[in-house]
Every structure is written in C-alpha cells, then in structure tokens.
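Descriptive analysis of the structure
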4 protein chains.
Amino acid sequence: MVVILKPNADRQRIDALLKAVEALGLKTNYSQGQETTVVGLVGDTSRVDIDALKANEIVEDVKRISEPYKKANRRFHPADTLVQVENVTIGEGFFHVIAGPCSIESEEQLCSIAQDVKKSGATLLRGGAFKPRTSPYSFQGLETSGLKLLLEAKKLTGLPIVTEIMGQDQIEDFADVDIIQVGARNMQNFRLLKALGQLRKPILLKRGLANTIEEFLMSAEYIMAGGNENVILCERGIRTFETMVRNTLDISAVPLLKQQSHLPVIIDPSHAAGIAWMVTPLAKAAVAAGADGLMIEVHNDPKNALCDGAQSLTPQQFDQLMQDVKRRAAFEGKQMCK
Amino acid sequence: MVVILKPNADRQRIDALLKAVEALGLKTNYSQGQETTVVGLVGDTSRVDIDALKANEIVEDVKRISEPYKKANRRFHPADTLVQVENVTIGEGFFHVIAGPCSIESEEQLCSIAQDVKKSGATLLRGGAFKPRTSPYSFQGLETSGLKLLLEAKKLTGLPIVTEIMGQDQIEDFADVDIIQVGARNMQNFRLLKALGQLRKPILLKRGLANTIEEFLMSAEYIMAGGNENVILCERGIRTFETMVRNTLDISAVPLLKQQSHLPVIIDPSHAAGIAWMVTPLAKAAVAAGADGLMIEVHNDPKNALCDGAQSLTPQQFDQLMQDVKRRAAFEGKQMCK
Amino acid sequence: MVVILKPNADRQRIDALLKAVEALGLKTNYSQGQETTVVGLVGDTSRVDIDALKANEIVEDVKRISEPYKKANRRFHPADTLVQVENVTIGEGFFHVIAGPCSIESEEQLCSIAQDVKKSGATLLRGGAFKPRTSPYSFQGLETSGLKLLLEAKKLTGLPIVTEIMGQDQIEDFADVDIIQVGARNMQNFRLLKALGQLRKPILLKRGLANTIEEFLMSAEYIMAGGNENVILCERGIRTFETMVRNTLDISAVPLLKQQSHLPVIIDPSHAAGIAWMVTPLAKAAVAAGADGLMIEVHNDPKNALCDGAQSLTPQQFDQLMQDVKRRAAFEGKQMCK
Amino acid sequence: MVVILKPNADRQRIDALLKAVEALGLKTNYSQGQETTVVGLVGDTSRVDIDALKANEIVEDVKRISEPYKKANRRFHPADTLVQVENVTIGEGFFHVIAGPCSIESEEQLCSIAQDVKKSGATLLRGGAFKPRTSPYSFQGLETSGLKLLLEAKKLTGLPIVTEIMGQDQIEDFADVDIIQVGARNMQNFRLLKALGQLRKPILLKRGLANTIEEFLMSAEYIMAGGNENVILCERGIRTFETMVRNTLDISAVPLLKQQSHLPVIIDPSHAAGIAWMVTPLAKAAVAAGADGLMIEVHNDPKNALCDGAQSLTPQQFDQLMQDVKRRAAFEGKQMCK
C-alpha cells in the first residue's frame, strides 16, 4: 500500500501517521520527492482501512498494491480448485454444461426439458423456483413446489441440480439442492454470502451486473472466509452503454479470473445477450477463452415461457449447440463426460 | 406497446399472434409498411411479458411505450407524496437533512455526533448498525447493540432515526426505527422489498449503483404494490468509467424522478463522491436541482472512523455546510423546520 | 417510426402534425389507446429528424423502428462483402492476421518485425507512422518518414500495409498505403469519413471506445454514402467500469455486426486488454465468435518500445499464437492463405 | 510513480531496471515487502513511458502518483486563469451565458435569436456552421456561409461569437471567430489541438462523451503546451447506462476540474440531457456547483429546427431561465455583466 502525502505536510503529523501505521505491525518506507512525498506500507495490509487513511488531513491519496483477497487468490493457492458435485468434477481440465428452463413451470415442462438436455449432453440441470423479477406484476416462480419438481427431475434423470437462492432464511429448504446459485443481484448480499460460507455445499456465484473483477472475488472471499471453498464463478454479462444487447458479455473475465484466482469459471451466454440466436456464438467464444463450463437456458416452448423466453433455446437448438460444444471442448483438450 | 414483425412473416402466424394478444384483453392495431410491419397493442400492457413476445419466431423487436410502473407513476398520481415521520414532513416544499456517522461505533461517538448535527439543523439522525462491507475482513457494524444506541441517541435529541436493513428477517428488530433504509446493493432484493411493502413505516430506498431510473421506480413499485406508499427515493451516485470519484452523482435523476414520480427525492452527496471536500459543492447542486433533502455522513474523528472516514465531514464542517444549506433552501422557497 | 403523443393532446395540433409528416411522403397510422396515443410513420423514415419531432409540444417520445443505416445494412445487401487488397481477400470465409509494431521506430525495427510476422503467417503489415497519444509529451510517431519505411518493408516482404490516418489533409500522403486505418478516436470525425468515401481504397474503421454498434455502422455508412464500399469493421474494446483491463473487449460485437451488416469484421485484442498475456485468450475467443481476422501488435523489444510496449507480443510469442490461430481457423473452416 | 515488481524477480534484472530509470534523471527508492517489492521513482516522471515499464518481464504493475498534466495543473499554477474575449472576462468570479441556435439556418433565424438572447442577458452568441451529425443523411450545416452570418449577427448585436471547428485546415476561415469550440467528438483530435495551441485565441474545449477528467485535462494540456493558455473547459454530459436522458451530466466535474486546474469551467445543459425541459434544473445545479458559465441552445421555432430541436429552448423559455440565472449568480456572488 502506498500513501501519497499532501505537499508541505507538517513534519509532526507525518511522524504521528508513521507511528500509527507501525502500531498495526507494518513497516513504513518514507520517500520524499520533488513534487510528492510517498510512504510505502510493507506487511499484511489487508486489514488497513483505506478510507480512514484518506481522511487524514495530510494524506492526498492511497493506492493499494496487493489484492485485498487472500483465499480466492491464486498467488497464495496456485493449484486449480476442482469442485465435486456427486460424480461431476467442475474446474480446469473439465467442461460441463448446466442447462434447463429459466423458471420451473410444471412437472411436465421440467421433466421433458431435463430429459432432453441430458440426452444432448448436459451434466447438470438448472431451473428457477424463486425468480428475481424486475416487476412485481411478473410471474415470481413456483417457489417451494418448484424445488420439489427439481428433485423429481433429478430422480428421473440423475442430473445434479442447480437453483437460485434469494435469502439466507431459505438455506434449510435448499438442503437437497446440489449447487446453490447466488444471482447477480445478490452478489453483494453479504449476509447471504456469510451464511453460505457456513455450508460445505458448492456455491455458483454470479457476477453482479456492474461489479468489478476485484469486487467479484471479494464476494467469493466472503464465502471462503467462512470455510466453504467450493465456489464456482459465473460471468453473465455486464452493464454498458450498448443497447442492442441486454448485457455485454465480458469475455476477458475468463482469463482474468483464471489468472487472479484458482476457482472454476463458467459463462452464462443466455443472460449475457438476452437473445436466443446470440447464445451459440457467445458459447463458442467462452469455450475458446478457457471457461470451464456453460450455463444455458432451454425451454420447450419459448414463446409461451413465463420468464426470459427471448433468450431460451429450444431443445433442438440446444442439441445442435451441444454437438458443436463437444467438438470444441475436445479441441481444447477438456473432458466433458463426468 | 409496439411489436415489430420480421419481414415476410407468415400471415397465419401473424393472425395467431394477434389472437393471442387480443385474448389478454388488448386491442391490436396492425400497420404494414414498406420495410417493416408493426402491431400496436392498446390497453393495459403492464402484465404483458415482453420476453415471451420476443421469443415468437415472427417478432423482430418489441418496444414498450408506457412506463411499467403504476403506483409510483406521476401520470396516475399527480399530487406530490408527503412522507410523515413523527413531526417531520418529507417531500415537495420541504427540505430536510439526515446526518450522522457512517457506522455507529460507541455511545459517546453517536450521542456526541447526534447532538452536534441537531444543533446545526439536521432533523433526522442516520447511523449504520449493520454495515454492508466489500471485504469480509472489515468492521461489520455493532449490529443489534448499534440499534439500541440509536434509540438512546433519539431519546437524547428527539431526532427520528434512519438506519439500513440487510434482510427481511431483521424487520422485527427494526420495529422502533423511524425510517428503514434499503441500501444500494439491496435495491433489487425483491423479497426484502415485498416484506417492507407489508409495513406502513417510511422506507428510504437507495438507487443501485448501476440501475436505471426505470428499475429504481420499479423497486419502489415493489414496496408500493404491497400497500406501503411511504417511499423516499435516494440518489447516491452511479458507476461510470471515471476514476477520480468513487461514484458519479447523477444530478439529472432529481428532475427525472420528480417528473416521472410523485415520491420525495433526496441526495446522498457523501457516498456519491466518496471524498469529504466534494460533499459541499454536490450538496449545493442538489438543493438547486430540486431535491427534497440530503443525507450526509458526519464523524467526530474521521481519520479514526471504522468506516468511510474519507467521505465524512467533521461536526464543524457540517455546521458550515448547514449554514449554507439553510440560505439555499430559503432561496428555493423550501421549508426546513419541521 | 412511432410517435407517442402526450395525453390530452389538442386535436388540431395532432392534425397539423399528421399533415406535416404526410407532406414528407410518409403514411401515418393513428391509434388511440387508453393511456397513450401513438402515430406510426410508414415509409422511408431515414431522413425524418427525430429531434424536430420531439420538439413538438404534443409529442412525448419518438421511437425508431428500422435502422438508420442503409448501405451498411444486411437487410438490403444480404451477401457478404469481400474486400480485396492486392491478393488478400478479407471477409466471410477467410481469416487474416494483420501484425506489426504499434509505432514505427526505425528501418531495422520495422523490417525485422515485418519479416518475422510474415514468416509466422501474417498476411498484412501494420505500423503507426502518425500516433494519437494522450500526452503531448509522448513520442508522436516518425510521421512521413515512417510511411516511407512502411513502403520499404512492403517491398522487402510483399505484405500489403495498413496504417492510421489522422486527418483528411493526409490523404495524398497515404496514396501508396494499401488499407487506411481510421482510429477509435476518429470514428466520428465525419469530415475525414466523407473524404475517405471519395476513395476506392479499403478503409479499416475502428469502433470508438464508447460508441454503440448503431453509431459504428453509421460511421461506416458515412464512408459508403460517398461510394467507397470497401469498409472493414474493427472492434478493439470499449470503455466500462472495469479497471483491471484498459478496455473491455465486446465479443458480442462480432455476431451483432455480422447480423446487422455484410461488412468484414476483425478484432484487435492488443488494444482491447492492453496487456500482452491477454492477447492470446482474446484472439482465441475472436476466432470462435466468427471474426474474419485479427490485428495484433508485435515488437522485437517491448520493454524499449516507444509506444504501447505493455501490450506487444515478441516475435516468438506471436509465432506461438499464429500456430494456434492456424489450427483454429482450420477448425472453423476458414481460409488463411490468401 | 510506483513500480510494483513480480514476486521472485531476478536481482540482476532489478538492478538493470533501476539503472535504466536512474539514467532518466530519476531517483529510485527500493522497498522489499513480504508479498510485494516496490520501487518508487522520484523526480519529474511526466516523460516516463508507463507502457514500456509494464512491458518489462519483472514488472507486475505501475501506478502513477502525480498527475501527467503540468500547464493545466493548479498545483503549479494556483491562480485562476481568466480568459478575455473582447470585453467579456470568463473565469472564477464571473458568470457568462453563451446562447444561440444549434445550427445556423438563415440570416433571419440567427439575427432574430441573437437579438433575443442578448436582450435576455447572454453575453456571447453560439451557432453551428459546420455540424458533426451522426447520420450522413442529416443536415450538415451552412458551412462557410454560416460563418458569415455569425459575423453579421455579431455586428448587429455586439456579442462575441463562439462556433465549432471540425479540423485544423479550417483555422484560417475561423480568423474572425472570437472563441473556437472543439466538440466532444474532437476532444482527442490531437493534431487539431496542436494547431490550436499555435493560436492565441480562446478555445472552448468540450469533454468527450466517455473521457475521464484526466484525459480532458491532457487535451487542454495539448493546446497549452503549444503556448495557448486561453482554454475554457466545458462539461456536456457523459455516456452511461441510463437511457432516459441522452447523456448524464457529470456535475462533480465542476468541483473536480476547479480543484485540479485553474482554467474556467462551463456547463452545457442542453447537450447533457437532450431534453428542453431539463435544461433549467441542470442549469440551476451548474450555477450552484460553481461553474463559471453556461452554454445553452435557443431556437425561435424548435419543432422546425434543422438540428437538435428537442433540446432547444424558445426565446421566451430562455428569457425566463435568464431571470432565474441572474438571481442565482448574484446569490453566488458572481459578476454577470461583462
């Protein structure tokens, strides 16, 4: 951490600052320049409060030099994390596709889609029981009865299930869910993250729509700080000025997350663009960029879907995509069967 | 709502679409152009699922024409809403300043600040008991004991209190809080919004850092749809590409929200910039742009603050600001005493 | 185009508006709804001034329905455009890599790099003679003597050359340049675009760092409206809130541009991220997403480069990348030799 | 400037780097920490190429500590710059309103508006002769004959004139223009900036729609580095994710620019929002935030304007605004008459 002092800072106040910082167990490195005087803080700065430093009258600015995340940081954990879900291994070297409807609508709908996506090669089933909808007047999901249908679909197909949690009070209801998803809007719901840190169940953490890579990894850190290291990161598009797509897929998030962290990284091309025909080109890019998997929305009747129909593939379109994804995963040397 | 059809759309499918839409109680208005054919949907379209429409093979695009919010919409409720908190009236014609520390640290700290801000003219006291912090290693607030200190400070000063809720399971603990604040990161925590809609207590709803005005009003709509119409909107800066400030204050949100909605609008200049010396110019702009109030962080010792020291004013700085704000509110013809 | 009228608009003024629009040769389609009244404009609306319409007292909003670009629009020109540069064909079905230094520094530097990139499989040579630098104190390029060195490198290697123009007064100096590049900062330098429209030479048009796909295609339209249809579109990263990369590569621009337009689309992964090690993963994603080529910065001694050293590959790194790109282009069924 | 080294960097390479930097006349300050090793560069770092440093194999990151602008920097020029245009003084302590039509359409139009805005209190006349339009099919301005009309309007009213230049080849044609405007799209047209640096005429530099404050000041620096210190900065809205307004007015730019620089700062509320009714609230906010002036579009017949009608005020609306602005400038203690 580097502290930049104001020009003509009072020497007594500088000494007081140096003492205060040294009292935190840090060494200081004072360097007076022509225009600017800088103090380097050496040691474990992850607990230093940058805001308090900036509030000091003699401080002009503070710049962080080492990352604020520790457990999610590849620097301290060089080996790739592999997350195990029943007999599915998620992480570097493998490639898995999570597929299913945006929201669960009925037993017939879910089971039919589950069987279809399994046949095409998906290894995990997604489906929303609780839906975060922008409008209070939109369909909000089947809720707990949706969770039951997911378990039936799992029994039928053997596919482990992934579904989104909305708050920590639902954790008990999610006891039989294989991977708990934290949606983009909850990425900084810190109490939820802390509660999930107490579990040992895999967590699929989606990036918030305007959150930086650093903030994303800090949210993973929240879960890991509690002891749950089974975190899967999911990039699903960020908010930009472009209006032709719902979100802009940040493809560079894949290599960045892989470099900064040891956690698995998957891509959700359905939410990224919000348009069904763009799912395939974005999925191709994701495989090539080094993602460990995809999360894709499939619906047997998109034009009557109760949610996100515009971005859902039909089972036929999904099957075509999967034929292509299999060839691409093989090209990248990734293992797709469990 | 306007549905744009693909060129050469099949006549039979068009008829099916028209019938389906008419079955929802809407009239349709079919208009075939040289290059594009358009269907206008006439009636209450707030329950039409745009995504399902877009998923139809013959549909190229769908454009919404009327706003998706009803209860928050000035079109249907032209009169300004005034929110009453004890003897404080918040809304058009009045101007109130909510002040206090970012986080409550001790009885001495809170009571001393509370007395100071009251003396300077603040009419409501803020203070964080539960703090949403980006890092799991940062101070997370005094939690329930912080709430108790707030009540003591209220007893001491008579100032009604405002504090942030983190989840709907805390609602009982917030029974004595005068205004419940929903933070920017929870603006789309829809279950929390629904639960708050069941109360009749005023809710101070902060705009999410990358949420549009429409999404902001839809979140207000969530609360109002439950029957709680005491919503105060708070703009606190949005995320942009600029790096010299923490967030970019969207001053145009004030006239936009005032035009689109009848709800009170306040500005938080402390979080907007994240820098203490910028609070004053932004506060001046807020008064001039038509805001109904300000929310400002004050700390007796910013450089030792446990949270957000860099943006906190000292009681002396706050007092200076208030002298200026009073002159400005008078200039605008707004009433500042309760 | 759809014109939304204000509620309770005066009937006489509505009639005046309808007449005015019909005088432009458009048909109007009037549709009165419960809450909103809408007028559809049918015909060629590309010359209608939306701003003038919005200025009418009875108009609430105007929404465009068909794209404002014609010549760049795939709707009117379904076949892919192939741009011919000597014996290199750029466009759908082919894949070309443009490589070379950010800025030309000396004959030795440029010729050495040119020979290296040719050996590795690049089919076009890039090199900056005039450099747009953020700081007036940075190296501004060798200017006209740089152009001469480019021609020598072309003579030596046979590679057609691509270099950036800064203003229309330089067009004569660029007479021997094979492809004239318009940089991101000049994407809306409309006088330059018009002047380039008078040539028949290929133009490589880079997307501005905060320009939408629609604005990008409108800039291509400027060139094409003058009669020069040899436009190559280049996505090079957009500005977002993320700070770990210089720009965010908008990978979805590839399928979007391909769908909206018939022009060739290439990707510049060097400028997108601004970091050398990220060029390779982004290049892989670009091939998979359907790009027709890449533009890559190569320098024989990045740490002494006078410009953009941080994002330049060494010739050895570039050679490795090209081995991989060749396999990927083959996988996609694209032709890489001219 | 602070250079962060990679962990386990080779000692010999570190020594080579230190030597290279010292050869540039800088002192180095080496500080080895637990996790990171940092080298501080002390001295005038404005000519150090950050990219070349980052390209060094042992360098992980480089952080700038002092601003890259010198002449525009208040640190080195504490006194406010006052720009003199005939008998109008622009800068701290004064408040001027530049008004006129978006584009000049005819002698009658321009002269009528010029007389109106003068009567209302504007002290400078704006009017576009050359117009940068997004579409090649839109009206492009009266060009040189527009310039002549401006001079006539000046003769008639005595108001000094402000108009936009499109390229450095037009400088001679602009000999009689009082203030040359550089539009947002040309903010980084560095050759134009350099050419304007050779003049001694005031330059009104508009901020690019996605440019940071630092980049904005670097563009001012380009002009000033040539010797022309008569630069007026103009904030006119930035591009964000919000869609209800054309641009988002960055009101915090006013205090930021005033703190970082000594140059005058004005606000263009017409372009910021793109909606006529929002001009007034944004203008009020601009005065309060400390701006030195406003630039406002006025048209005698907005609904028939050839350009930007939607954001133009009528002379009557402008007169009302000016009555209010005069009261506000007086409140701020600013001088409005020349």
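None of these values were measured; they are calculated from a predicted model.

Parameters and conventions
Residues numbered from 1 in each chain as written. Chains lettered and ligands numbered in written order. Predicted model: local features only at pLDDT ≥ 70, side-chain atom pairs only at ≥ 80, totals over all residues. Heavy atoms only, no water. Helix = DSSP H or I, 4+ residues; strand = E, 2+ residues; numbered from the N terminus. Buried < 20%, exposed > 50% of the residue type's maximum accessible area, 1.4 Å probe, protein only. Contact = heavy atoms within 4.5 Å. Areas by Shrake-Rupley, 256 points an atom, 1.4 Å probe, with all protein chains shown as cover. Least-squares fit on C-alpha atoms with pLDDT ≥ 70 in both. Buried area = accessible area lost by both parts, 1.4 Å probe. Salt bridge = Lys/Arg side-chain N within 4 Å of Asp/Glu carboxyl O. Polar contact = N/O pair within 3.5 Å; in protein donor to acceptor, adjacent residues only side chain to side chain. Axes fitted to C-alpha atoms, helices over the stretch in contact; angles between N-to-C directions. Parallel < 35°, antiparallel > 145°, perpendicular 65-115°, else oblique. Left-handed = near helix turned anticlockwise from the far one by under 90°. Nonpolar A, V, L, I, M, F, W, Y, C, P; charged D, E, K, R; others polar. pLDDT = per-residue confidence, 0-100. Pairing = 2+ DSSP bridges. Right-handed = clockwise from strand over helix to strand, strands pointing away. Core = buried A, V, L, I, M, F, W, Y, C linked by side-chain atoms within 4.5 Å. Arc of directions from axis to C-beta.

Each helix and strand in chain A was counted, giving ten helices and 14 strands. Counting only C-alpha atoms, chain A reaches 75 × 45 × 40 Å along its principal axes. Counting the 338 residues in chain A, one finds 66% classified as buried. Expressed as a percentage of contacts within chain A between residues at least 6 apart in sequence, the contacts between residues at least 24 apart total 68%. Taken as a whole, chain A presents about 11,300 Å² of accessible surface, with 47% of it coming from carbon and sulfur.

To continue, consider the relation of the copies chain B and chain A. Expressed as a screw transformation, the operator carrying chain B onto chain A has a rotation angle of 180° and an axial translation of 0.0 Å, and the superposed copies differ by an RMSD of 0.0 Å. One copy is carried onto the other by what is essentially a two-fold rotation axis. Nearest to the rotation axis, the C-alpha of B:A210 is located 3.0 Å from it, this being the minimum over chain B. When the interface residues of chain B are mapped onto chain A, 100% of them again lie at the interface, so the same face is used by both copies.

The interface is formed by 49 residues belonging to chain B together with 49 residues belonging to chain A. Summing both sides of the interface, chain B and chain A together bury roughly 4,000 Å²; the carbon and sulfur share of this comes to 50%. Summed over the three residues of chain B that lose the most area to chain A, namely B:Y137, B:R191 and B:K303, the buried surface amounts to 17% of that side. For the interface between chain B and chain A, the tally reads six salt bridges. The partner of B:K303 in a salt bridge is A:E57, with the nearest N and O atoms 3.9 Å apart. There are 20 residue pairs in polar contact (both at pLDDT 80 or more) connecting chain B and chain A. Looking at the side of chain B that touches chain A, the elements that each hand over two or more residues are α2 (50–55), α5 (190–197) and α6 (213–225) of chain B.

Moving on, we come to the packing of helix α7 (residues 253–260) of chain B against helix α9 (residues 276–289) of chain D. The geometry of α7(B) relative to α9(D) is characterised by a closest axis approach of 9 Å and an angle of 130° between their N-to-C directions. Put simply, α7(B) runs oblique to α9(D). Every pair of crossing elements has a handedness; the one defined by α7(B) and α9(D) is right-handed. Contact residues: B:P255, B:L256 and B:Q259 in α7(B); D:W277, D:M278 and D:P281 in α9(D). Residue composition of the contact of α7(B) with α9(D), grouped by class: five nonpolar, one polar and no charged.

Our focus in this paragraph is the confidence of the model for chain A. When pLDDT is averaged along chain A, the result is 93, and 99% of the positions lie at 70 or above. ipTM for the predicted complex: 0.93, alongside a pTM of 0.94.

Bringing the side chain of C:T89 into the picture now. Position of C:T89 among the secondary structure elements: in strand β6 (residues 88–90). There is a polar contact of 2.9 Å between the side chain of C:T89 and the side chain of C:Q84.

Below, the discussion takes up the pairing of strand β10 (residues 179–182) of chain B. Residue and element names in this part refer to chain B. Here β10 shows no split at all, with I179 and Q181 on one side and I180 and V182 on the other all buried. Across four bridges, strand β9 (residues 161–165) lies against β10 in parallel orientation. Among the inter-strand pairings, I165 is bridged to a residue of β10, identified as V182. Where β10 and strand β11 (residues 203–206) come together, three bridges link them in parallel fashion. For I180, the partnering residue across the bridge sits in β11 and is I203. Running through α5, the crossover from β10 to the neighbouring parallel element β11 is right-handed.

Here we take up the interface of chain D and chain A. Each partner contributes to the interface: chain D provides 28 residues, whereas chain A provides 28 residues. Interface area, chain D with chain A, both sides summed: about 2,000 Å², of which 58% is carbon and sulfur. Connecting chain D to chain A are two salt bridges. At the boundary of chain D and chain A, one finds two residue pairs in polar contact (both at pLDDT 80 or more). When residues of the side of chain D that touches chain A are traced back to their parent elements, those giving at least two are β1 (2–5), β2 (27–32), β3 (37–42) and β4 (59–63) of chain D. The element best represented in the side of chain D that touches chain A is β2(D), accounting for four residues. A breakdown of the residues in the side of chain D that touches chain A according to their chemical character gives nine nonpolar, ten polar and nine charged.

On to the nonpolar core. By size, the foremost hydrophobic cluster in this structure holds 157 residues, and its most contacted members are B:L205, B:L233, B:F318, D:L205, D:L233 and D:F318. Apart from the residues lying within four places of it in its own chain, the contact partners of B:L205 are B:V182, B:M187, B:L193, B:F216, B:S219, B:A220, B:I223, B:V231, B:I232, B:L233 and B:C234. A:I104, A:I213, A:L233 and C:L313 belong to the second-largest nonpolar core, a separate cluster that totals 154 residues.

So, about the sheet that holds strand β1 (residues 2–5) of chain A. Strands in a sheet are paired, the pairing made by backbone hydrogen bonds, and the direction either parallel or antiparallel. Residue and element names in this part refer to chain A. Strand order in the open sheet formed by four strands is β2-β3-β1-β4, and the pairing between neighbours is antiparallel. Lying at the two open borders of the sheet, with one neighbouring strand each, are β2 (27–32) and β4 (59–63). Averaged over all pairs of adjacent strands, the angle between their axes in this sheet comes to 20°, without regard to strand direction. Sheet topology note: the β1/strand β3 (residues 37–42) ladder contains four bridges and is antiparallel. Of the residues in β3, the one forming a bridge with I4 is V38.

Let us now look at helix α5 (residues 190–197) of chain A. Residue and element names in this part refer to chain A. Every buried residue belonging to α5 is among F190, L192, L193, L196 and G197, and all of these are buried. Relative to the axis of α5, the buried residues are bounded by an arc of 160° and lie together on one face. Looking at the packing, one finds that the buried side of α5 touches β9 (161–165), β10 (179–182), β11 (203–206) and α6 (213–225).

What follows deals with unusual backbone geometry. Residue and element names in this part refer to chain D. Although it is not a glycine, E86 adopts a positive phi angle of roughly 45°. Tracing the sequence through the fold places E86 in the loop between β5 (83–85) and β6 (88–90). For E86, a relative accessible area of 46% puts it in the partly exposed group. The backbone phi angle of E143 is positive, close to 60°, even though this residue is not glycine.

Enumeration according to the criterion identifies 92 salt bridges over all chains in this entry. Here A:D80 makes a salt bridge to A:R74, at a shortest N to O gap of 2.7 Å. In this structure A:D80 comes out as partly exposed when scored by relative accessible area, which is 33%. The salt bridge involving C:D324 is made with C:R328; its shortest N-O contact spans 2.8 Å. Taken together, the residues C:D324 and C:R328, both in helix α10 (residues 315–331) and four residues apart, mark about one turn of the helix. Just as C:D324 is buried, C:R328 falls in that class too.

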